[in-house]
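For reference, the chains in residue letters:
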Amino acid sequence: MRAVLCALIMVAALAWCAPAFGAGWLPAEEVAPAGSSPATTEPPVVAMTPAGDVFAAWTASGGSFAYRVRRAFTGYAGDPHRFPGNDLPAVTVDADGRIWLATHLGGVVQVVRSSATDPDSFPGGQGGSFIAPGAVTDLDVAARHDEGAVVFVNAGQVKLGRWTPTGGAVAPNAPLYDGSMNAADHAKVSLDAAGNLVAAFTISSQTNLCRVAAVRIPAGGSPIPLQDIGSTGTADGGCSFFLNGKELNDNVDLALGPSGRVLASWYRNGPSHAGIDTAVAPPGGAFGAGTTVASDTDAHPLTSNPPSVAHGLLGASDAMLHTYIVRSPDDGFDHAAQLFRAGGGAPGFLREFDIGSNAQHLARNAAEQAVGGWQGSSLAGCHISGAVGTVAGGLEQEETIGGCGQSTGAETSDTRVAIDPVGDAAVVWTAAGAVQLAVYDATPPEVTDVSAPATATVGDPVALSAAGRDALSPMTVDWTFDEGAPASGGSVTHAFATAGPHRVVAHLRDEVGNTADVERTVTLAEASGGGPSASSNGSSSNTTTATNNTTTTTTTTTTTTLTPPRVPGPTMALLGARLRASRRGVIRLRLGCPAETSGGCSGTAGVQKGAAPRAFRAAAGATTTAKLKLTRSTRRRLSRRHRIRVTVAVTAHDGQGNEATSSGAYTVLRTRR
């Protein structure tokens, strides 16, 4: 289990070990370049294992299929794996961490599963192959522990294949729906922990109306006849809608909630008004009556041209989160939007996001944390947005997490999203033939070791070390002391000028600012013979040094005459991990003055090679804000990248003029226009 490990070697008193959460999106990275087999604009798929591994799969040009794994702690596992002839990938992960992958190859639907410990290993192709003569237009896969199910649309019929540890692959004996009313499409499947299965799909009726239907198979039972759960209204050509030449193939969405309850959500287009309709089914039971959660008569009306696509999540007490497209009454543009409500019939709250008319996909974990990703627009053109939050409380403010193939988004796919049990999340999409991945890092580094002596002598260098690892991003180690300047590096030395107990804190920080803090106490004793003092006309001056993987500096000791020991100044606390730049390039840096500081704190704060120092002042135990103006070159860099990493440097004095310096890394975000 990934968590901050506080069971450390007890070489000194351990006061506490606490995570500080900065959390944020890492810069988007290229899972696979366009190369000779570029990805198509079909949406890729993504899954995250409980260990933090990210599994991405996509359809490449020529009908081939590929996948690649980004392993926790170690990064990508080799080059992408490519398989000619496969398409329509679907993926899920079971409770034990196995990846279940379904693809279509010619007349066969293939399902394979990984081992529970290695998402890049598919031993023996376990999972099954199911004959599908004729066209396969859609498929979906679900799994629980060691059992999987795939639902696919084959020549207008809906078929089910299953795999169990005892029976192996069980091919479809009869279709779940035989196509007798008209062709089916857009199949989805859910499988709860008890083994209850639900398949939902659309049916084009003879009158050109599109219906939403479901077939249930209770645990250990047989299929229950088809249930008509609602209408998607009229649609030219049946159940399919198109936007920018791409079919919106998610006209029905299934979401598995706590205790096996299932939420179905779909878009209804008329005949008089458009709406987002939902229905909920208990474990193994029938869906209840449909409910409209949004319509084109709302204050922020649902769009009907282009049609809105619904995605939903279900939480405890039937808390719900839905995403769709609205036409804003404020600016007249289409906007991504969400409607979220706590359980127990609480009222819903609507929040708009980016301008855009593309579907926002959702995922949740067992803790009911949620992630969404979508294609948005701004004055600069197309971009990819991401947001995290909770089912009952909605998604937080969106952030730009990546770019599109073109400013118009014509060469960019819809996104797909995933979230792991601790809240780390992933968004994947294709852009101009390349597969892009943005990861949300929600967890601090794991602390594996901290070493500090229990006792030491005043004036002597004290050797300190800390080690750890982070699942998703690089990690740094910084040190702060209750006396003296801070230090950086996995191994450092520090000298204390006064006797008694002293606090030492190691800060293990990842790239987005998640921090694990470990505190130790070192008790300092005077040197034999009374130690340095004014009467002996001697003092000790020591330099704190750091050692990292590549660089080592040494401690130097000098002796001066008739100089009292230097009293260290205040070490300012650098608060937060991210800074938002205004349109004029101003950032607001929050600083904390230590409570024990005599006479309060004053000094200057600036950004190394990024903003000139500005003066600040704060009372002891209080916080203050320093407003820094980014340089023109830094603002240009931020405009191009949307976010940059900077180092803040602070020099502080107490009321007696004693000085200390400190520094820290921050992520600066560009203000959305």
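A brief look at the structure comes next. Note that the structure is a prediction, hence the values are computed from the model and not measured.

1. Remarks on the state of the cysteines
Next, step 1: Scanning the entire structure with this criterion turns up two disulfides.
Next, step 2: Two residues, cysteine 382 and cysteine 404, share a disulfide whose sulfurs are 1.8 Å apart. Disulfide cysteine 382-cysteine 404: the torsion about the S-S bond is -55°, which places it as left-handed. With a gap of 22 residues between them, cysteine 382 in strand β33 (residues 381–390) and cysteine 404 in the loop between β35 (399–403) and β36 (416–419) connect regions that are remote in the sequence.

2. Side note on the packing of aromatic side chains
Next, step 1: In total, this model carries nine aromatic pairs according to the counting rule given.
Next, step 2: Ring geometry for phenylalanine 55 against phenylalanine 122: centres 6.2 Å apart, planes inclined by 70°, an arrangement best described as edge-to-face. Highlighted residues: phenylalanine 55 in strand β5 (residues 54–59) and phenylalanine 122 in the loop between β11 (108–113) and β12 (127–131), separated in sequence by 67 residues.
Next, step 3: Judged by its relative accessible area of 0%, phenylalanine 55 falls in the buried class.
Next, step 4: Judged by relative accessible area, phenylalanine 122 falls into the buried class, the value being 18%.
Next, step 5: Every member of this aromatic cluster is reached through a ring pair, and the members are Phe55, Tyr67 and Phe122.
Next, step 6: Looking at arginine 68, its charged tip hangs above the ring of tyrosine 76, at a distance of 4.3 Å from the centre.
Next, step 7: Residue placement shows arginine 469 over the ring face of phenylalanine 73; its charged tip is 3.6 Å from the ring centre.

3. So, the sheet that holds strand β14 (residues 147–154)
Next, step 1: Pairing is antiparallel across the open sheet formed by four strands, whose spatial order is β13-β14-β15-β16. Of all strands in the sheet, those bounded by a partner on one side alone are β13 (136–144) and β16 (168–170). The average undirected angle you get between the axes of adjacent strands in this sheet is 15°.
Next, step 2: Pairing geometry for β14 and strand β15 (residues 157–164), over seven bridges, is antiparallel. Note on β15: the bridge partner recorded for valine 151 is leucine 160.

4. Let's talk about the environment of phenylalanine 333
Next, step 1: Residue placement: phenylalanine 333 occurs in the loop between β28 (320–327) and β29 (334–341).
Next, step 2: A residue is classified by how much of its surface remains accessible, and phenylalanine 333, at 48% relative accessible area, is partly exposed.
Next, step 3: As a C-alpha pair, phenylalanine 333 and glycine 356 span 23 residues in sequence and 7.8 Å in three-dimensional space.

5. Topic: the nonpolar core
Next, step 1: Ranked by size, the top nonpolar core spans 24 residues in total, and within it Met572, Ile587, Leu589, Leu591 and Val668 carry the most contacts.
Next, step 2: Listed by contribution, the elements that provide at least two residues to this core are β51 (578–581), β52 (586–592), β53 (601–607), β54 (611–618), β55 (623–629), β56 (643–653) and β57 (659–670).
Next, step 3: Looking at which element gives the most residues to this core, the answer is β56, with five residues.
Next, step 4: Apart from residues lying up to four places away in sequence, methionine 572 is in contact with Leu591, Gly592, Cys593, Pro594, Cys601, Phe616, Val650, Ala652 and Ser662.
Next, step 5: If you look at the next biggest cluster of nonpolar residues, it comprises 21 residues, including Val462, Ala466, Phe481 and Val504.

6. Things to note about a positive patch on the surface
Next, step 1: Together, Arg632, Arg636, Arg640 and Arg641 give the surface a local cluster of positive charge.
Next, step 2: For arginine 636, a relative accessible area of 46% gives the class partly exposed.

7. Structural notes on the pairing of β28
Regular strands place side chains that alternate from one sheet face to the opposite one.
Next, step 1: Counting buried residues in β28 gives seven out of eight residues, a clear majority hidden from the surface.
Next, step 2: Summarising the sheet, strand β27 (residues 311–314) and β28 pair through four bridges and their orientation is antiparallel. Its bridge partner lying in β28, leucine 314 is registered against methionine 320.
Next, step 3: Between the antiparallel neighbours β27 and β28 lie five residues, among them serine 317 with a positive phi of about 55°.
Next, step 4: Inspection of the sheet shows β28 paired to β29 by eight bridges, in the antiparallel sense. Bridge pairing in β29 links leucine 321 to phenylalanine 340.
Next, step 5: Between β28 and β29, which pair antiparallel one after the other, the connecting turn spans six residues, and glycine 332 there sits at a positive phi close to 80°.

8. Examining the sheet that holds β54
Next, step 1: Read from one edge of the open sheet, five strands run β51-β57-β56-β53-β54, paired in mixed fashion. Of all strands in the sheet, those with a lone pairing partner are β51 and β54, marking the two edges. The mean angle between the axes of side-by-side strands here comes to 35°, regardless of whether they run parallel or antiparallel.
Next, step 2: The pairing of β53 with β54 spans six bridges and is classified as antiparallel. Bridge pairing in β54 links glycine 603 to phenylalanine 616.

The rules behind these values
- Residues numbered from 1 in each chain as written.
- Predicted model: local features only at pLDDT ≥ 70, side-chain atom pairs only at ≥ 80, totals over all residues.
- Heavy atoms only, no water.
- Disulfide = S-S within 2.5 Å.
- Helix = DSSP H or I, 4+ residues; strand = E, 2+ residues; numbered from the N terminus.
- Phe/Tyr/Trp six-rings, centres within 6.5 Å; stacked < 30°, edge-to-face > 60°.
- Buried < 20%, exposed > 50% of the residue type's maximum accessible area, 1.4 Å probe, protein only.
- Lys NZ or Arg CZ within 6 Å of the ring centre and 35° of its normal.
- Pairing = 2+ DSSP bridges.
- Axes fitted to C-alpha atoms, helices over the stretch in contact; angles between N-to-C directions.
- Core = buried A, V, L, I, M, F, W, Y, C linked by side-chain atoms within 4.5 Å.
- Contact = heavy atoms within 4.5 Å.
- Patch = residues over 30% accessible without salt bridge, like charges linked within 9 Å, V, L, I, M, F, W, Y side chains within 5 Å.
- Areas by Shrake-Rupley, 256 points an atom, 1.4 Å probe, with all protein chains shown as cover.
- Salt bridge = Lys/Arg side-chain N within 4 Å of Asp/Glu carboxyl O.
- Lys, Arg positive; Asp, Glu negative; His and termini not counted.
- Charge placed at Lys NZ, Arg CZ, Asp CG, Glu CD.

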